[in-house]
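# Examining the three-dimensional arrangement
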Amino acid sequence: MTPLLETKDLSRHFKVGSKLFSHRLLHAVDDVNLTINEHEIVALVGESGSGKSTMARLLAQVYKPTTGEIRFQGKDVAQLRGRKDQLKYRSDVPMVFQDPFASLNPVYKVSHGIKRGLKLHRPELDAAGRHEELLRVVTAVGLNPPEEIIERYPYELSGGQRQRIGFAQALAYRPKLILADEPVSMLDVSIRIGLLNVMAKLRDEEGVSILYITHDIASARYVSDRVMVMYGGHVVESGPTETVLADPQHPYTQLLLSAVPDPRAPLEITSEAAKAEPPAVIDPAPGCRFRARCPIAVDQCMHVTPLLQPLDPDHKAACHVTAPASAGAAAV
Amino acid sequence: MSTPPEPTAPAKLAAPAEPLLEVKDLRIVYDSPRGPVEACSGVNLTVRPGEFVGIVGESGCGKSTLLFGIAQLHSAPARIAGGEVLFQGRDLVTLPRKELNDLRWRELAVVMQSAMNALNPVRTIGDQFKDAILAHEKWPEERIRERSAEVLSLVAIDAVHLESYPHQLSGGMRQRAMIAMALLFTPDLIVMDEPTSALDVVAQRSLMVQIKELQQQLGFAVVFVTHDMSLVSHFSDRLLVMYAGQVVEFGPTRAVFDTPSHPYSKSLLDAFPSIRGPKVPLTGIPGDPPNLADPPAGCRFNPRCPVVKDRCRTEVPELYTVASSDAVSPVLSRCLVHHPAEPLGVPLAADVNIPIVPEVQSS
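Residues numbered from 1 in each chain as written. Chains lettered and ligands numbered in written order. Predicted model: local features only at pLDDT ≥ 70, side-chain atom pairs only at ≥ 80, totals over all residues.

## Description of the overall build of chain B
On a plain count of helices and strands, chain B comes out with ten helices and twelve strands. Burial statistics for chain B: of 363 residues in total, 47% are counted as buried. Of the contacts made within chain B by residues no fewer than 6 positions apart, 67% connect residues no fewer than 24 positions apart. (Helix = DSSP H or I, 4+ residues; strand = E, 2+ residues; numbered from the N terminus. Buried ≥ 20, exposed ≤ 12 C-beta atoms within 10 Å, placed from the backbone. Contact = placed C-beta atoms within 7 Å.)

What follows is the structure, given as structure tokens:
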């Protein structure tokens, strides 16, 4: 089966430095292979600066890849020519943004944005059809009563309600894949769950796939089917969510897990790694990018970039120590 | 620096019987065209020297208003409609402006929510430290530099960053620089308003550990406001849960977590997913916090409460001591259903000093 979307060795580098002819390159995303199947929520997890938002923007075609390709339903996205194809892709793969207070236009009612999207992406609908669809998507994201909600202005809604409008807007395009970049990080803890439940409902009832980008691995566990952990532009571990979290192989995944505040569990000892910060990956030399913070780094990590090795068919990790290349080969 | 907070540390701070901060029946009102809105309705709170008190609740529950009231940073349309804020025995509400200014930063410092906005983007970190010092002391240039470098090193930032502008620091470093700034005069109380909310989990965790270590090293007390109850679970000594401008539960952190006495505390606790154990479907808390201009009759939590009874809709619950709780560090709750009350008669346990430190186990 062709996956809904896959990337092949996707990289994006940015030129940095104030000098005019600066050739220093920041490697925001390096050689990422990502697959998203239909009806699936994939979580992309990492710290600030790990390249996860750059991934979302690459997939949304805000940035063009430096190298590598994105294949959507088997077709190379870079080959899309003409407004019609481009529009089609954008309606198939819409984005939901992080800040619900900034992403809705404050001077229009919330119906405005959804209706504009419908006009643009679904020209087959007449005014009555658009209104009906508007009510349908607002109901689908759990806002009741829809007739009343659509007449409101953004300031009349709470943060959680606004973010639901964000999802309704995306849903109106009949999307295949929603790119959700930190959709709940600005919300109160008590309403985050409601929105995560909406995401699961969209997958189960509307059949959309979601790329859920987050730094909170606990919420990723709650809602996602598969998880990919990014560090310094590389994918360091990926696999079915429960498998990865039950038995994390990469030291960075272990660090992320230990940082989640959990009153039900005793406080774990903080390693030095928790205090350091992710590197700005400028003109990187080969080697593992996590090595400076890694408690178990060996010599090899300084010189050889670890590649993702399959541990069992689905679970992969990129670590010389816990997932050495030979063992991976044996497992396959 | 790599070990978690030592459980023994606060014990040495246990000696003074006087509470450092005592908030008595504080009422803060926002004057709106449609009448006054009470965001803080008769809050009582005590903080002992060297204690870490967490204040949790959803947005719009009045926790930031309370904090602004404590630091006397509220501005119109907010005003104090009643009550006292006793800090080291002096009432900050009635204290003349000049004396208040003397006391601020030296003895009571504030760390704001967003370090992005709280630091001036066009001036270096060192310049901003200098401003803060010169507002209180006439120190020579070298001494200012020395002290600035010293507090920066406390939060593990290299002194070269005194020459840096805020945008040259990462989010976590900016927030730590804010904390360093609050430490310039080694205050007795630091009030923090969601200092970690803009950070990711790893940076957040490391900041919390650092705050706790500094607290044990320097002995200041912390009032820490957050909407994420799980965040303070391992760091605060006592926890105050606010809902709709009122205290609904106040007690030792472990007791509030292990046996929440108010349904709102329990709902908050159940609202975030766990990374361990079986995956259970969660619902969060349905609905929104009430409009404080027109709070619900009876118990303010009744429209969202999972265990609501008829009497909750008419009877106003008072804060009472939970009978089964510890006698010296009792749990206070405001729920009619959970515990038919003996109304609150005892003082808020200000004079008792039981170090309640989260259990630390290595894994």
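So, next bit.
## Quick notes on the overall build of chain A
Broken down by element type, chain A carries twelve helices and 13 strands. Scaling as 2.2 N^0.38, a compact globule of 332 residues should have a C-alpha radius of gyration of about 20 Å, and chain A matches this with 21 Å. In terms of principal-axis extent, the alpha carbons of chain A reach across some 65 × 50 × 45 Å. Out of the 332 residues belonging to chain A, those deemed buried represent 49%. Across chain A, contacts joining residues at least 24 apart in sequence account for 63% of those joining residues at least 6 apart. (Rg over C-alpha atoms; globule rule 2.2 N^0.38 Å.)

## Concerning helix 1 (residues 63-71) of chain B
Of all the nine residues making up helix 1 of chain B, seven are buried; the element is thus mostly covered by neighbouring parts of the structure. Among the residues trailing helix 1 of chain B, B:Gln72 stands out with phi positive, at a value near 55°.

## Quick notes on the packing of helix 4 (residues 125-134) of chain B against helix 5 (residues 141-154) of chain B
Residues and elements named next belong to chain B. Helix 5 packs onto helix 4 with a crossing angle of 115° between their chain directions and a minimal axis gap of 10 Å. As judged from the angle between their axes, helix 4 and helix 5 are roughly perpendicular. As for how helix 4 packs across helix 5, the hand of that crossing is right-handed. Between helix 4 and helix 5, the residues in contact are Gly126, Phe129, Lys130 and Ile133 and Ile144, Arg147 and Ser148, respectively. (Axes fitted to C-alpha atoms, helices over the stretch in contact; angles between N-to-C directions. Parallel < 35°, antiparallel > 145°, perpendicular 65-115°, else oblique. Left-handed = near helix turned anticlockwise from the far one by under 90°.)

## Describing the sheet that holds strand 13 (residues 316-317) of chain A
Residue and element names in this part refer to chain A. A sheet is described by the order of its strands in space; here eight strands give the open sequence 7-8-9-4-10-11-13-12, paired in mixed fashion. The sheet is open, and its two edges are formed by strand 7 (95-96) and strand 12 (309-310), each paired on a single side. As paired strands, strand 4 (residues 41-45) and strand 9 (residues 209-214) are joined by five bridges and run parallel to one another. Paired with leucine 44 across the strands is isoleucine 213, a residue of strand 9. The strands touched by helix 1 (residues 52-59) within the sheet are strand 4, strand 7, strand 8 (177-181), strand 9 and strand 10 (226-231), with strand 9 carrying the most contacts at an inclination of about 150°. (Pairing = 2+ DSSP bridges.)

## With respect to the nonpolar core
A:Leu211, A:Tyr212, A:Val229, A:Leu256, B:Leu189, B:Val191 and B:Val223 are the most contacted members of the largest nonpolar core, which totals 187 residues. Ranked by the residues each element gives to this core, the list is headed by helix 7 (residues 189-206) of chain A, at eight residues. In this structure, A:Tyr212 is in contact with A:Ile41, A:Val42, A:Ala43, A:Ala180, A:Met199, A:Ala220, A:Val223 and A:Ser224, ignoring residues within four places of it in sequence. (Core = buried A, V, L, I, M, F, W, Y, C linked by C-beta atoms within 7 Å.)

## Looking at the packing of helix 6 (residues 171-182) of chain B against helix 7 (residues 201-218) of chain B
Residue and element names in this part refer to chain B. Packing of helix 6 against helix 7 leaves a shortest axis separation of 10 Å and a crossing angle of 20°. As summarised for this structure, helix 6 and helix 7 are arranged roughly parallel, according to the angle between their axes. In terms of crossing hand, the pair formed by helix 6 and helix 7 is right-handed. Mapping the contact onto sequence places Gly171, Gly172, Gln175, Arg176 and Ile179 in helix 6 and Ala203, Leu207, Gln210 and Ile211 in helix 7. For the contact of helix 6 with helix 7, the class distribution of residues is four nonpolar, four polar and one charged. (Nonpolar A, V, L, I, M, F, W, Y, C, P; charged D, E, K, R; others polar.)

## Details of the pairing of strand 10 (residues 246-252) of chain B
Residues and elements named next belong to chain B. Among the seven residues in strand 10, seven count as buried, and that is most of the element. Of the strand pairs in this sheet, strand 9 (residues 238-243) and strand 10 are connected by six bridges, and their pairing is antiparallel. The residue of strand 10 that forms the bridge with leucine 239 is glycine 251. The antiparallel pairing of strand 9 with strand 10 creates a hairpin that spans two residues between the two strands, and alanine 244 there sits at a positive phi of about 50°. In the sheet, strand 10 pairs with strand 12 (residues 332-333) via two bridges, with the strands oriented antiparallel. Residue pairing in the sheet places phenylalanine 250 in a bridge with leucine 332 of strand 12.

## What to know about helix 4 of chain B
All names here are of chain B. Within helix 4 the residues assigned to the buried category are Ile125, Phe129 and Ile133. Buried residues of helix 4, viewed axially, fall in a sector of 75°; they line one side. Elements in contact with the buried residues of helix 4: helix 5 and helix 6. (Arc of directions from axis to C-beta.)

## Describing the environment of B:Met173
Inspection of the secondary structure puts B:Met173 in helix 6. Separated by 16 residues in sequence, B:Met173 and B:Ile157 have C-alpha atoms that sit 7.3 Å apart.

## Let's talk about the environment of A:Val281
All names here are of chain A. Here valine 281 lies in the loop between helix 10 (251-259) and helix 11 (300-303). Note on valine 281: 21 C-beta atoms within 10 Å, which makes it buried. For valine 281 and leucine 25, which are 256 residues apart along the polypeptide, the C-alpha to C-alpha distance reads 8.2 Å. Those residues within four positions of valine 281 in sequence are excluded, and the remaining contacts are Leu26, His27, Gly232, Gly233 and Arg289.

## Some points on unusual backbone geometry
Here A:Asn144 and A:Pro145 are connected by a cis peptide whose omega angle stands at -10°. Considering the arrangement of structural elements, one finds A:Pro145 in the loop between helix 4 (127-140) and helix 5 (146-149). That bond from B:Ala76 to B:Pro77 is cis: its omega, 10°, falls within 30 degrees of zero. Looking at the element boundaries, B:Pro77 is found in the loop between helix 1 and strand 4 (78-87). The backbone of A:His39 shows a phi angle near 55°, a positive value even though the residue is not glycine. Along the chain, the position of A:His39 falls in the loop between strand 3 (35-36) and strand 4. You can call A:His39 partly exposed: it has 14 C-beta atoms within 10 Å.

## Considerations on the sheet that holds strand 4 of chain B
Residue and element names in this part refer to chain B. Strand order across the open sheet formed by four strands is 2-1-4-5, with antiparallel pairing between neighbours. The open sheet has two edge strands with one neighbour each: strand 2 (35-47) and strand 5 (90-91). Note: strand 1 (residues 21-32) against strand 2, ten bridges, orientation antiparallel. Along strand 2, the bridge assignment pairs serine 32 with glycine 35.

## Digging into the confidence of the model for chain A
On average, residues of chain A carry a pLDDT of 87, and 91% of them reach 70 or more. Contacts from residues 327-332 of chain A, a stretch scored under 50 in pLDDT, to residues over four places away or in other chains number eight contacts. (pLDDT = per-residue confidence, 0-100.)

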